[in-house]
Amino acid sequence: MPLSIEDVQPLLVLQQIDLEIRQKQKQLDALPQRAQIAEARRKRAQIQEKGEQVSALRANVERELEHQRFEDAQLAEKQEQTQEKIASESGDYRAVEALTQELEGFAQRRTALAEKIGGLKTRKAQVDQVAAQVDAALAAINAQEQKAVESFQQEGGALTEAIARAQAAREDLAGKVDADILARYEKTAQRLAGVGIARLEGQRCTACRNTIEDNRMPQIRREAPLSTCPHCGRLLVVG
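Residues numbered from 1 in each chain as written. Predicted model: local features only at pLDDT ≥ 70, side-chain atom pairs only at ≥ 80, totals over all residues. Heavy atoms only, no water.

Caption draft 1: Quick peek at the sheet that holds strand β1 (residues 197-201). The four strands are arranged β2-β1-β4-β3 in an open sheet whose pairing can be described as mixed. Looking at strand neighbours, the two that pair on one side only are β2 (204-205) and β3 (226-228), the edges of this open sheet. Taken together, the three bridges between β3 and strand β4 (residues 235-237) define a ladder with antiparallel strand orientation. Residue pairing in the sheet places T228 in a bridge with L235 of β4. (Pairing = 2+ DSSP bridges. Helix = DSSP H or I, 4+ residues; strand = E, 2+ residues; numbered from the N terminus.)

The structure is reproduced here in structure tokens:
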């Protein structure tokens, strides 16, 4: 059955819907929140990596501190035992002298340990401070991401809903277009930035704006109501 102008008019409406979908999809893809979210996640990964390093460092410091404290506790116990021995050997000068020297050795070692433990405590306090800074930075970046996500959901949600409505309208309208013509239109639109159909105004294509030569016009008139622009290859509504 020959086509009528009423058969091809829905294509023009379909194209308007397609262009609207493309535009809103571009707006959705270009929302700045996308980049903000990606940047926040990139920074969070860096902060988390730093946090893991700090946690490992703190664990090493705490382990070393525990080791030094354990040794100090052992020395304190040995000091106490040696003191008791000195008291029990009070009549044996040589034994007391040897025990006293041993006691002095314990004291010297404990003094050195006290300095080391103090240094480790200072180092732990520094690590704890860095860990607190990491936690604060992580909380701040999480808040930034959440804010960007909420903003994206608000703006992007409206665009997504508009796209869904347009796609539903497109599906309904596409069902009213001849399948072969629809396939030609979609193939052409994909090739030509979404504009697959135009009108003939006088001898000019409304899409590429080129004037069609006189010798080609009879063929285009014969193909009415739907021909093809010889310049851009778009479907051309004639009449």
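Caption draft 2: Local environment of the side chain of R234. Among the secondary structure elements, R234 is positioned in the loop between β3 and β4. The side chain of R234 is buried and forms no salt bridge, while D18, the nearest opposite charge, is found at 12 Å. Excluding anything up to four places from it in sequence, R234 contacts T188, L192, V195, G196, I197, A207, C208, S227, T228 and C229. (Buried < 20%, exposed > 50% of the residue type's maximum accessible area, 1.4 Å probe, protein only. Lys, Arg positive; Asp, Glu negative; His and termini not counted. Salt bridge = Lys/Arg side-chain N within 4 Å of Asp/Glu carboxyl O. Contact = heavy atoms within 4.5 Å.)

Caption draft 3: Fine view of helix α4 (residues 179-191). Its 13 residues give α4 an end-to-end C-alpha distance of 18 Å, which sits within 8% of 18 Å, the value for a rise of 1.5 Å per residue. Here α4 has its buried residues at I181, L182, Y185, T188 and A189. All buried residues of α4 lie within an arc of 135 degrees about the axis, which places them on one face of the element. Looking at α4, the residues exposed on the side facing more than 90 degrees away from the buried face are A179, D180, K187, Q190 and R191. Taken together, the buried residues of α4 touch α1 (5-29), α3 (93-174), β1, β3 and β4. Of the residues that open α4, the one with a side-chain oxygen 3.1 Å from the backbone nitrogen of D180 is D178. Of the residues one or two after α4, A193 is the one with positive phi, at around 55 degrees. (Expected span 1.5 Å × (residues − 1). Arc of directions from axis to C-beta. Polar contact = N/O pair within 3.5 Å; in protein donor to acceptor, adjacent residues only side chain to side chain.)

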